[in-house]
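# Breakdown of the fold
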Amino acid sequence: MAATSNGTSGGPNPKPTTGDPATAPASKAYQPANVEPRMLAKWDAAGAFTAHPERVLSGEARPYCILIPPPNVTGALHLGHALNNTLQDILTRAHRMMGFEALWMPGTDHAGIATQAVVERRLLKEQGKKRKDYTREQFVALVQEWKDEYEKRITNQLKAMGCSCDFTRQRFTMDDICARAVREAFFRLFKDGLIYRGKRIVNWDPVLQTAVADDECYDEDVDSFFYYLRYPLVHAMQGPLGTPTLRVGSEKRHSESGGTQGGTQVQPVTWNELASRGYPGADQHPGEQQAWVTVATTRPETYLGDTAVALNPKDPRAKALRCVFVELPIVGRVIPIIEDDYVVLPAAMWDDQEAAKSDPKAQFATGFLKVTPAHDPNDYDLGVKHKLPMINVMAPDGSISDKHGWSDPAETRSAHVFLGKTREEARKLVIAEFKSRNVGDSSGGGGSAGGPAGVHLFEGQKPYRHSVKHSDRSKAIIEPYLSDQWFVKVTDDRLAGSANRALVDEQRTGIKASGDQGTKADSAGDGSLRFYPSRYAKMYEQWHDGIRDWCISRQLWWGHRIPCFYIQISESGRIEAGNPTQIENLVQQNQRHILTELRRESELNGTAQDIWIDERIHAGRFPATVSFPGVSAGKFMIACCKTQQSADFLIRFGKGTGNSTYACDSRLLGIWQDDDVLDTWFSSALWPLSTLGWPDPAQSPQTKGLLEAFNPTSVLSTAREIITLWVSRMVMMNRYLLSGGTLVPSVSSLDNPTTQDRSARDERTTQGNGPVPFRDVFIHAVVQDGDGKRMSKSAGNGVDPLDIIDSHGADAMRFTLAQMTTNTQDVRMPVKPDPKSGKNTSEKFDAGRSFCNKLWNASTGVAIARLSKEPVNIGSSIPANRTLVDRWMLSRLARATAACESCLKNYEFADYVQTLYQLLWWDFCDWYLEAIKPTVDASPEQRAVLRAALDVILRLLHPVIPFVTEAIFEQLAKLPTGSVAGVTLSSIRGDILCTAAWPKLDASLIDEAAEREFERVRELVNTVRNVRSEHQVPPKRRVTLHVSPAIAASLSTSRGLIETLAGIEAIVATPPTHGSPAVAFRAIGEELHLSNLADAIDAGAEKDRLTKQLEQLRKNAGAISGRLNNPGYVDKAPPKLVEESKAQLAKINDEIAAIEGKLGALR
RNA sequence: GGGCGGGUAGCUCAGUUGGCUAGAGCAUUCGCUUUACACGCGAAGGGUCCAGGGUUCGAGUCCCUGCCUGCCCA
């Protein structure tokens, strides 16, 4: 998509700018709406966020790059995005100021199934139309409109939040640049044997008729039943390999005879026979009656696809059942009984009855499990293990069908009753049919109810509540469905192994710190990927240890279409439809001919290297015939294309040779592309490559130089559930596709494609060693509501960032979100509707608003006001001239700057914000500004420090609250600058704050003596304030502080400070006049007095105050002396600590004595 | 079922290798229209650090068990 301008015209902030708020304040409070749009325009005009890769490539600047986790175009951004984007912006802005060439790449994700489902729902609701009422192209165009709309909304939200993204380089996962990367990646992985097509059980959504991923499903408890079905036992002839031939059911067969059908003889097994084989409980049944086993199932309708019954080898019945078969009622299929310890024993057979009670399945189990490999993932595994046939009995819409793998009903009319029924209908019908039949009835017999001697096929049902998978998008119950899908072989060591090796050693389990090498076969890691917080590394590693191949095909229209092509060969009436062997032969005979021709022509027109002609079909890797959804008989996979041109050529080739006749009188009818699209995560996995222009950045001015300059990127900031879905896949793709150090991967020669697999294997052992896509992964917290529930629109507890921006301002939102970002996994945001607007909001954002207001008022109302009155003199602050409070302030600034740098490095956002909160509010506003008010107008030196202090604070705060700081900086920048030795405040570009340099404060500014002395002042002031408050001295009343001559001398430099801050008329070195109203108190280790508090001292209040103090002191003294009386403490604790305790106790005891004396005097 | 978090003041959360009287913001109470800020200033109250056991001179912090709660994976 085209680059979007960084203008504010489309911005969501509706309020117009009403002029310079500094000169025309309508209200005393900071009004973000008056400032934010103007700052956006300013940044835009400066092109401040456009990255310059050439500066990195030339060595002028180090790169700093963050790729935005692309939000879905399904909807607008929510608070979770706001949090993540705030953090990314803090990092980006800070590093930009630190002199890095910063690129924050924005973009959006096409979110295949989610977006398609949203658009389909809207079309149905608004126009009553379904997807298939449109052509594929029409429908995709409609989704594209939706995408354009939401992409715009998302972009505007990002801008309103102040995100310093490089909007000139915005990407979309389906734009041309990303599409090129997808084709290239698919092509390479396919060619290298890392993408394959295969049959698997997938989560099938029968409504949307597509495979969906686990993360697109949710589990919900459903009230259901366990049904108990009886399967009659029979003898059957063995197949050639000792397995029984599946016998097709028959109308003709009678239970009493051993009729033959399809070469298999079937005879009932009687209870007598089982009894003779030692089957427990067989003698409880009439001896001549046909025996049965009872399977327990929650899904009776799938019995149509059963291909075995399984029981546990430890089951005492197992031995007697060997070499016996089961005949599926109605269908008549004869299936084997297999033994597998996967099967849960019924509770009664457990050795440990307690454990059996706690296993709900054991409570319901009969010990016999029906095995339906095509409709249950566990059964599928059993099917593979025991080499069972897989019979799919459903159509893609979930109805019972004989067109997708089930062929027996064609020969048995009885089973026809199920065809076309939905899963729910089929379930009822199966139960009804079982209820109407007896064991021993002919399988196809007419439904007569069991006579008195008959035993119902239906044994009963028990209520059972269990969790059932549903599709997120359609809410339909997921059908485990066997179908043809595309897979990435992530289990390959070049992918999963390489992802684990990317972790830094200290974050890998199984890697000992030193010495014990080789505990893991792949212990030689690259060590460049690091998780913050580190615990997530374990999750990442475990994911790869248990990873399964990744199903990447989706039966959707919205997405990257799989770049693989099929040919169809007509059968000229000579081939029996659906006959695998004949079709296979046809392929064998025709394919080479067609492919040879194709290769020759593609070489002639220059697209040969972009077409991977797949001859592995000969090795049986790709099944020639497929009778499953999406592919019909006679259609074969032939090639994978890398470019649109090569695809076009292929289609032309198909058309042009449509009349050519090949062997067996068959003809090439055409070539067309696979209908499926790729899982959205496939394109997301390439995000660090595609956004930076891979495979050929030079092709577009937007991407030129990006890949070389910015991959590996600096950090990925994302949510934890994304670790498995996205982080892992990006690492695998980046490392694989950039391995070998070549940016543009060379396409291997096609000279010898049939042996490619083996001949290239040795070279490939070095593949997967490319760079990681990002060095750090920061996992941020999940925003929850006040009850710990995840925020979502559907739950009604969501908060829209734009609402917060309207009510509190973008800075306030950012500040609050950053403040909440501690190392925990969740952050709670109590939500309540705003009484005025009805929109959801949270009081938590008040903190951010107050903070911005405080900064605004302190800056404009005090600092800038004073600086404007008496400009700073150039060269005016050198250390020798600094007052205590200036030295202290500079020391605080130097410490805060260092703390901020450390926090940013470690992704400690809450600490970063806390540091700045304390610096601004406690240090700068509460103490520094108050302290300098009486002196600053007369002191050029102090004005220089004030100016520098504000400047440093603005720079440190800018990454968190960019708007208000930029607006203040605008005013500050107009004032002349004085230098403050030790403080460097420079600019990278222009005179705006977002490209001002990060402040440099010399470590020598850290002044411990000034801090100690200021602490004394602060203690004294606090104590005086406390005494005043206890005695209810009116705030305006000036009191007199009496100190000893020694203290008076030591306070000489801070006398004015103390007088200002504590409301003191004078500090005198004489005791209060005897008999005058005065209060004694202790502070800074001395006994001091305040006089002139009031005309008369309230003795009662004073007594209360002292008594309270005394209690506290005695408690403390008790604790310390208790410790000192403990011999263990004195012997074992560090001596320094013991000494400190002793000194402390002495001091407290002194104070206790002094207060006791005073209390005595008061009585 | 496997793995990972959390449980500290009324609320939301800090609390570094175990060591000063366990902190902050909001809320509450009291005082204040003070010349930047009531989105403010000054002061105060408020905690059996989930429970039980263990290690230690000393545990909110380390170990074990249990309870509650949330998430990820299967």
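Residues numbered from 1 in each chain as written. Chains lettered and ligands numbered in written order. Predicted model: local features only at pLDDT ≥ 70, side-chain atom pairs only at ≥ 80, totals over all residues. Heavy atoms only, no water.

## Digging into the overall build of chain A
Scanning chain A from N- to C-terminus turns up 34 helices and 36 strands. When each of the 1163 residues of chain A is scored for burial, the buried share is 55%. For chain A, contacts bridging at least 24 residues in sequence account for 78% of all contacts bridging at least 6. Counting only carbon and sulfur atoms, one obtains 51% of the accessible surface of chain A, whose full area is about 48600 Å². (Helix = DSSP H or I, 4+ residues; strand = E, 2+ residues; numbered from the N terminus. Buried < 20%, exposed > 50% of the residue type's maximum accessible area, 1.4 Å probe, protein only. Contact = heavy atoms within 4.5 Å. Areas by Shrake-Rupley, 256 points an atom, 1.4 Å probe, with all protein chains shown as cover.)

## A few points about the packing of helix α24 (residues 845-869) against helix α27 (residues 940-957)
Orientation of α24 relative to α27, taken along the N-to-C sense of each, is 155°, at an axis distance of 11 Å. Our classification of the angle between α24 and α27 gives roughly antiparallel. With respect to the hand of their crossing, α24 and α27 are arranged in left-handed fashion. In this structure, α24 contributes Phe-851, Leu-855, Ser-859, Ala-863, Ile-864, Arg-866 and Leu-867 to the contact, and α27 contributes Arg-943, Leu-946, Arg-947, Leu-950, Ile-953, Leu-954 and Leu-957. (Axes fitted to C-alpha atoms, helices over the stretch in contact; angles between N-to-C directions. Parallel < 35°, antiparallel > 145°, perpendicular 65-115°, else oblique. Left-handed = near helix turned anticlockwise from the far one by under 90°.)

## A word on the pairing of strand β5 (residues 195-205)
Across the 11 residues that make up β5, a large majority, nine, are buried. One ladder, built from 10 bridges, connects β5 with strand β16 (residues 479-488); its direction is antiparallel. Residue pairing in the sheet places Val-202 in a bridge with Tyr-481 of β16. Examined bridge by bridge, β5 and strand β6 (residues 210-212) share three bridges and lie antiparallel to one another. Residue pairing for β6: Asp-205 is matched across the bridge by Thr-210. (Pairing = 2+ DSSP bridges.)

## Quick look at the packing of aromatic side chains
Counted under the stated rule, the structure contains 34 aromatic pairs. Grouped by ring-pair contacts, the aromatic residues Phe-186, Phe-190, Trp-486, Trp-550 and Phe-682 constitute a single cluster. Its end group placed over the ring of Phe-172, Lys-147 keeps NZ or CZ at 4.2 Å from the ring centre. Geometry around Phe-458 places Lys-435 over its ring, the cationic atom sitting 5.0 Å from the centre. (Phe/Tyr/Trp six-rings, centres within 6.5 Å; stacked < 30°, edge-to-face > 60°. Lys NZ or Arg CZ within 6 Å of the ring centre and 35° of its normal.)

## Structural notes on the packing of helix α25 (residues 884-905) against α27
In the contact formed by α25 and α27, the axes pass within 10 Å of each other and the chain directions differ by 15°. Overall, the two elements α25 and α27 adopt an arrangement that is roughly parallel. As α25 packs across α27, the resulting crossing turns out to be left-handed. On α27, the residues touching Val-885, Asp-886, Met-889, Leu-890, Leu-893, Thr-897 and Cys-900 of α25 are Gln-942, Val-945, Ala-949, Val-952, Ile-953 and Leu-956. Residue classes in the contact of α25 with α27 are distributed as 10 nonpolar, two polar and one charged. (Nonpolar A, V, L, I, M, F, W, Y, C, P; charged D, E, K, R; others polar.)

## A look at the side chain of Thr-86
Along the polypeptide, Thr-86 turns up in helix α3 (residues 79-97). Those residues in contact with Thr-86 that sit more than four places away from it in its chain are Arg-814 and Leu-817.

## Digging into the sheet that holds strand β18 (residues 550-551)
Either a parallel or an antiparallel arrangement is found when strands of a sheet pair, and the pairing is made through backbone hydrogen bonds. Spatial ordering of the open sheet is given by β6-β5-β16-β18, a layout of four strands whose pairing is antiparallel. In this open sheet, the two strands that pair with only one neighbour each are β6 and β18.

## Side note on the protein's contact with RNA strand B
As a matter of local geometry, RNA strand B sits amid 52 residues, with Gln-825, Lys-844, Asn-853, Asn-1126 and Lys-1132 nearest to it. Put simply, 64% of the atoms of RNA strand B that lie within 4 Å of the protein are in sugar or phosphate. Between RNA strand B and the protein, one listed contact pairs a base nitrogen with a backbone N or O atom of Ala-858 at 3.2 Å. Here Gly-1128 contributes a backbone N or O atom positioned 3.3 Å from a sugar or linking oxygen of RNA strand B. Contributions of two or more residues to the surface near RNA strand B are made by α13 (535-545), β28 (826-829), α24, α26 (909-932), α29 (1008-1030), α32 (1099-1125), α33 (1127-1132) and α34 (1135-1162). Residue contributions to the surface near RNA strand B peak at eight residues, all from α24. (Near = heavy atom within 4 Å. Polar contact = N/O pair within 3.5 Å; in protein donor to acceptor, adjacent residues only side chain to side chain.)

## Remarks on the nonpolar core
Ranked by internal contacts, the top residues of the largest apolar core, which has 207 residues, are Phe-186, Phe-531, Phe-682 and Phe-924. Among the elements that line this core, the one with the most residues is α26, at 14 residues. Not counting the four nearest positions on each side in its chain, Phe-531 is found in contact with Leu-503, Gln-507, Tyr-536, Ala-537, Tyr-540, Ile-723, Val-727, Val-777 and Ile-779. Grouped together as the second largest cluster of nonpolar side chains are 50 residues, Val-293, Val-309, Phe-418 and Cys-551 included. (Core = buried A, V, L, I, M, F, W, Y, C linked by side-chain atoms within 4.5 Å.)

## Notes on the confidence of the model for chain A
When pLDDT is averaged along chain A, the result is 79; 81% of the residues meet or exceed 70. Here residues 247-263 is modelled with pLDDT under 50, and outside its nearest four sequence neighbours on either side it reaches 37 contacts, counting other chains as well. When the criterion is pLDDT under 50, residues 741-765 qualifies, and its contacts beyond four places in sequence or with other chains add up to 33 contacts. Both confidence scores are given for the complex: pTM 0.81, ipTM 0.95. (pLDDT = per-residue confidence, 0-100.)

## Digging into helix α1 (residues 32-46)
Its 15 residues place the ends of α1 21 Å apart at the C-alpha level, agreeing with the 21 Å of an ideal helix rising 1.5 Å per residue. Looking only at α1, the buried set comprises Pro-32, Ala-33, Asn-34, Val-35, Glu-36, Pro-37, Met-39, Leu-40 and Trp-43. Just beyond α1, the residue with positive phi is Gly-47, at close to 55°. (Expected span 1.5 Å × (residues − 1).)

## Observations concerning the pattern of salt bridges
Under the definition given, this model contains 46 salt bridges. Here Glu-60 ties to Arg-55 by a salt bridge, and the two come within 3.7 Å at their closest N and O atoms. Assessed through its relative accessible area of 22%, Arg-55 is described here as partly exposed. Ionic pairing is found between Glu-843 and Lys-832, a salt bridge with its closest N-O pair at 2.8 Å. (Salt bridge = Lys/Arg side-chain N within 4 Å of Asp/Glu carboxyl O.)

## So, unusual backbone geometry
Tyr-532 connects to Pro-533 through a cis peptide bond whose omega is -10°. Take Pro-533: it is sitting in the loop between β17 (530-532) and α13. Following Asn-711, the chain continues into Pro-712 via a peptide bond in cis, with omega recorded as 5°. Located in the positive-phi region is Gln-1032, a residue other than glycine, with phi close to 50°. With respect to the helices, strands and loops of the structure, Gln-1032 is situated in the loop between α29 and β33 (1039-1042).

## Details of the sheet that holds strand β35 (residues 1078-1083)
What the four strands build is an open sheet, ordered β34-β33-β36-β35; its pairing is mixed. Every other strand in the sheet has two partners, leaving β34 (1064-1068) and β35 as the edge strands with one partner each. Averaged over all pairs of adjacent strands, the angle between strand axes in this sheet comes to 25°, irrespective of strand direction. Pairing geometry for β35 and strand β36 (residues 1086-1091), over six bridges, is antiparallel. Among the inter-strand pairings, Val-1079 is bridged to a residue of β36, identified as Leu-1090. Most of the contacts of helix α31 (residues 1055-1062) go to β34, to which it runs at about 145°, and overall it touches β33 and β34.

## Some details on the side chain of Asp-315
Along the chain, the position of Asp-315 falls in the loop between β11 (308-311) and β12 (325-327). Residue class for Asp-315 comes out buried when judged on its relative accessible area of 2%. Not counting residues up to four positions away in its chain, the partners in contact with Asp-315 are Leu-345, Pro-346, Met-349 and Gly-367.

## Quick notes on the environment of Lys-1147
Residue position: Lys-1147 is located in helix α34. Separated by 937 residues in sequence, Lys-1147 and Thr-210 place their C-alpha atoms 78 Å apart.

## So, the pairing of strand β7 (residues 217-236)
Two elements, β7 and strand β15 (residues 458-471), share 13 bridges in a ladder whose sense is antiparallel. Within the sheet, the bridge partner assigned to Asp-223 lies in β15 and is Arg-465. Here six bridges tie β7 to strand β10 (residues 292-297), and the two strands are oriented antiparallel to one another. Residue Arg-230 lies in a different strand from β10, and its bridge partner there is Thr-294. Here β7 runs beside β12; their pairing, made up of two bridges, is antiparallel. Bridged to Leu-233 within β12 is Val-326.

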